[in-house]
Amino acid sequence: MTENGTPRYLPALKWKQGEQFAVKQLTLGQKSRLLPIVDLPDRPYNWEEKKYTKSWNKHIDDIVKATVASWGTIHELAVDQVIDDNDSLVSNSGTPWEYLFAELWAAGVKAIPVLSNKASASEQAALISIAKTYKKTRWLLRYRATPQGEVPAATQAQSWFANARVALGVKPSQIDAVLDLGYITGDPKSLVVSTTQALQAIASLGPWHQLALLSGGFPVNLAGVQKGTKQLFRSDWDLYKRVAVRAELGSIELSYGDYGVTNVDGFDEDPRKMVMSANLRYTHWKDWQVLKGKSVRDYGYDQYKDLCGILVALPIYMQPAFSHGDTNYDKVANDPRVGPGNATQWRRDATNHHIHVVLHQLASLPEF
């Protein structure tokens, strides 16, 4: 919980430039209500030459600089990553996991290591080793459902958290416990009972620093969305609201996490094969309003100015003062001197607006 008693927001961010720029525009007060779970993106890849263009050393150095510039060094940030056992450094001893957190902490970033049930034994050992070296005791445990959207049995989730807590060797009050259900495909109502049971089992091992439910509702891509406007149901928010008010949870303070306006799985295929359409993803209280144009390859990026013009004329538009994202939508729509931007700027504005919406919703609970 935050100091004012509202649930904390744990957005799971892919931590590419669009999302970094989105949080950079938040006030210190807004950042204090967030604990982003950022996934260190994989190294840039040259698809024509079929090779990575950066070493892990260089990639981590660049991510650390970007993190300091966008998030700062005042508030905590949970860091997960895609490093695997075959990855190595080119100019340092140790593992990329150790180098990542050593560099983050040396730069002053209040980085919390994330240990998930997907982690290998080597990853777990490296993270525990570097945390002990730097005398760090804050952790985030992330149980990731497999397959996505399937709630684990309460005993299964409880067992993993119990074993992970022992392995870390720190008190539960130093650990954030996160149940990550991944991409919700079914009716949230059908998941309420099993999700509540899993959270109860995890909570019984505490008291944790905080307990959170994380899930995502945005589709894999917009290929199935026709040109025009369409509403997509925010199933992740609906599930959280239903679970948070369950009597079985009693006085348990449940934090909320989502994947924002992107799918749980990041895009990691050859971008040369991707046909991107101009699109605008606008979060409202219960739905995402998706405004979609045609292929930018064939029809250009200027279509986005038209989409912004449509948005600011809709009743759901929350006006320029609501967020930096909304200010930018208004400028693109109404100022002929402002260009349409690019995919990074589109994600920046959509994510910034989404964060503002969620912070307003969490401050207004219960909604029903």
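Residues numbered from 1 in each chain as written. Predicted model: local features only at pLDDT ≥ 70, side-chain atom pairs only at ≥ 80, totals over all residues. Heavy atoms only, no water.

Asks: How should the sheet that holds strand 9 (residues 210–216) be read in this particular structure?
Replies: To summarise the sheet geometry, strands pair through backbone hydrogen bonds and adopt either a parallel or an antiparallel arrangement. Here we have eight strands rolled up into a closed barrel, ordered 1-2-5-6-7-8-9-11, and parallel in their pairing. Each strand axis lies, on average, 25° off the axis of its neighbour in the sheet, ignoring direction. Taken together, the six bridges between strand 8 (residues 175–183) and strand 9 define a ladder with parallel strand orientation. By the bridge assignment, Ala177 is partnered in strand 9 with Leu211. Each of strand 5 (76–81), strand 6 (110–116) and strand 7 (139–144) touches helix 5 (residues 121–133); the most contacted strand, strand 6, lies at about 150° to it. (Pairing = 2+ DSSP bridges. Helix = DSSP H or I, 4+ residues; strand = E, 2+ residues; numbered from the N terminus. Axes fitted to C-alpha atoms, helices over the stretch in contact; angles between N-to-C directions. Contact = heavy atoms within 4.5 Å.)

Asks: I'm lost on the layout of surface pockets in this one. Help?
Replies: The method is simple in principle: a probe with the dimensions of a water molecule rolls over the atoms, and the space it marks as empty is what remains. What the second largest pocket holds in volume is close to 230 Å³. Looking at the second largest pocket, it is lined by 13 residues, and the ones nearest its centre are Pro207, Trp208, Leu211, Ile252 and Glu253. Here the lining of the second largest pocket is built from residues that sort into six nonpolar, six polar and one charged. (1 Å grid on protein atoms, 1.4 Å probe; cavity = no way out; pocket = protein on both sides within 12 Å on 5 of 7 lines; lining within 4 Å. Points joined across faces, edges and corners; volume = space filled by probe spheres on them. Nonpolar A, V, L, I, M, F, W, Y, C, P; charged D, E, K, R; others polar.)

Asks: Mind showing me how you'd approach the pattern of salt bridges here?
Replies: Within this structure, the stated rule accounts for 15 salt bridges. Residue Asp62 pairs with Lys54 through a salt bridge whose shortest N-O separation is 2.6 Å. Residue classification places Asp62 among the partly exposed residues on the basis of a relative accessible area of 22%. On the basis of relative accessible area, Lys54 is assigned to the partly exposed category, the value being 26%. Between Asp180 and Arg144 there is a salt bridge, with the nearest N and O atoms lying 3.8 Å from each other. Highlighted residues: Asp180 in strand 8 and Arg144 in strand 7, separated in sequence by 36 residues. The class of Arg144 is partly exposed, set by a relative accessible area of 22%. A cluster of three or more residues bridged by salt bridges with shared partners is formed by Asp39, Asp80, Arg142, Arg144 and Asp180. (Salt bridge = Lys/Arg side-chain N within 4 Å of Asp/Glu carboxyl O. Buried < 20%, exposed > 50% of the residue type's maximum accessible area, 1.4 Å probe, protein only.)

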